[in-house]
Amino acid sequence: MNYRKLDIFSPMIVVLLVVVYLIFSFIAFEYHLKELVGININTIGIIILGIIFYVLGICISKYLLKNKNLSVDTNKLEKITSKRFILTLVLLGIILQIINMVYLGGIPLFSGYLKAHAATRIWLLSYLLFLPSINVLLAKYNDKRYYILFIIGLLLFVCTGYRTTVMAIVISVLITLYYTRDIPRKYLILSIAGIFILLLIVGYVAVKSIEWQTWTLNPLELLFYRAGYTLQVLDHAIALQGSTHGQLLYNTLMGFFKSTDPRVIVGSTTLGYAHSTTSMIFGPALLDFGLYAMLIQMLLIGFIIGAVYYIQKTFNTVFVALYAMLLAHVIIWIETGPTDLVVLLFFVISILTIIYTIRNNKGGQ
């Protein structure tokens, strides 16, 4: 079977990865890593419901778009994706990240104290510029020199110590290259293995560098423990539905400007003490507004990612970059949950780009 006939980066990969995440969690429970105790069986039912609504959103987007006669306004598209403009954004993102490091006075990857202050407004702007522009650059312009910019930017973001931004960069670029280059299967497998190893290394080094914590788990155990711990937090969130009364959504939208981390609110609510905590993709909406809000959220995520997937399969290039960027973050949300303003901004940027450049030619079939 030709592996290209199986689109491994379709929106359905999220369903597969949720299953993998649950398997990792149950491995952690089986070995009682750091006294993890397991979850209520009802939690699995809630997860299945969330996945069903995610898939339903994908199906609805496919149904609504399949008979649309869409076309791209090439003049508008060229205006916002010219090589000079995109290169400028990539370089500006890299320069801002260097400025951020200088401002911090060290490398956050090796210091928990520096990492706690690394997500500055400079960092936010740097990430907003670098991630979409490097993906657009690689999607539209097949020049091997641009891989150097990708590596430089990646290393700089590795130095911040944040696993999520590093994973978003490498996963999105892999997805972009998967759709725009003819990658041999062995290189694809090696790339996925490399991402997994990078995840282990960055996560382990970042944790070991937190001066006020002591960890005895090895890198693989730490990976399983994170999954089990996060699923256990989700279990608490299900028992506490609606208890945050919209605080997580509000602080996701406004907290960056007020130096408030929504994940600390998750920790305070579910664990009883202030600690930055993740609760899977389902947790924040459950804590804020309850089950129905979570199901609506999953429906919307499925609809948006399904729509962008359809558009990128139809028009390729720039739209591949947008899809890669969004899918990478939805994959990361499986653990972290949608509590990042920067990711919501990427969704807004992608939707506005599509609205600006895609036309519906009425009357076509």
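Note that the coordinates shown come from a computational prediction; the quantities given were computed from them, not determined experimentally. (Residues numbered from 1 in each chain as written. Predicted model: local features only at pLDDT ≥ 70, side-chain atom pairs only at ≥ 80, totals over all residues. Heavy atoms only, no water.)

### Some details on the nonpolar core
- Ranked by size, the top nonpolar core spans 119 residues in total, and within it Phe9, Val14, Ile134, Phe282 and Leu327 carry the most contacts.
- Ranked by residue count, the leading element in this core is helix H15 (residues 318-336), at 16 residues.
- Look past the residues within four positions of Leu327 in its chain and what remains in contact with it is Phe9, Ser10, Ile13, Val14, Ile175 and Ile305. (Core = buried A, V, L, I, M, F, W, Y, C linked by side-chain atoms within 4.5 Å. Buried < 20%, exposed > 50% of the residue type's maximum accessible area, 1.4 Å probe, protein only. Helix = DSSP H or I, 4+ residues; strand = E, 2+ residues; numbered from the N terminus. Contact = heavy atoms within 4.5 Å.)

### Things to note about helix H7 (residues 146-158)
- When the terminal C-alpha atoms of H7 are compared, their 18 Å separation across 13 residues agrees well with the 18 Å that a helix rising 1.5 Å per residue should span.
- When H7 is considered as a whole, its buried residues turn out to be Tyr146, Leu149, Phe150, Gly153, Leu154, Leu156, Phe157 and Val158. (Expected span 1.5 Å × (residues − 1).)

### Quick word on helix H16 (residues 341-357)
- Over its 17 residues, H16 extends 24 Å from the first C-alpha to the last, a length consistent with the 24 Å expected when each residue adds 1.5 Å.
- Along H16, the residues classified as buried are Leu341, Val342, Val343, Phe346, Phe347, Ser350, Thr353, Ile354 and Thr357.

### Quick notes on the packing of helix H4 (residues 83-104) against H7
- Between H4 and H7, the least distance of the axes is 10 Å, while the angle of their chain directions is 25°. When the interaxial angle is binned, H4 and H7 end up roughly parallel. As for how H4 packs across H7, the hand of that crossing is left-handed. Across the interface between the two elements, Lys83, Leu87, Val90, Leu91, Ile94, Gln97, Ile98 and Met101 from H4 touch Tyr146, Leu149, Ile152, Gly153, Leu156 and Phe157 from H7.
- Each residue belonging to the contact of H4 with H7 can be placed in one class, and the counts come to 11 nonpolar, 2 polar and 1 charged. (Axes fitted to C-alpha atoms, helices over the stretch in contact; angles between N-to-C directions. Parallel < 35°, antiparallel > 145°, perpendicular 65-115°, else oblique. Left-handed = near helix turned anticlockwise from the far one by under 90°. Nonpolar A, V, L, I, M, F, W, Y, C, P; charged D, E, K, R; others polar.)

### Re the confidence of the model for the protein chain
- Summary statistics for the protein chain give a mean pLDDT of 89 and a share of 94% for residues scoring 70 or more.
- Of all helices and strands in the protein chain, the one with the weakest mean pLDDT is strand E2 (residues 358-360) (76), whereas helix H13 (residues 283-289) scores best (97). (pLDDT = per-residue confidence, 0-100.)

### Describing the environment of Thr164
- By the secondary structure assignment, Thr164 is in helix H8 (residues 163-180).
- With a relative accessible area of 26%, Thr164 lands in the partly exposed category.
- Taking the C-alpha atoms as reference points, Thr164 and Val202, separated by 38 residues in sequence, lie 10.0 Å from one another.
- Those residues in contact with Thr164, other than ones at most four positions away along the chain, are Ile332 and Thr336.

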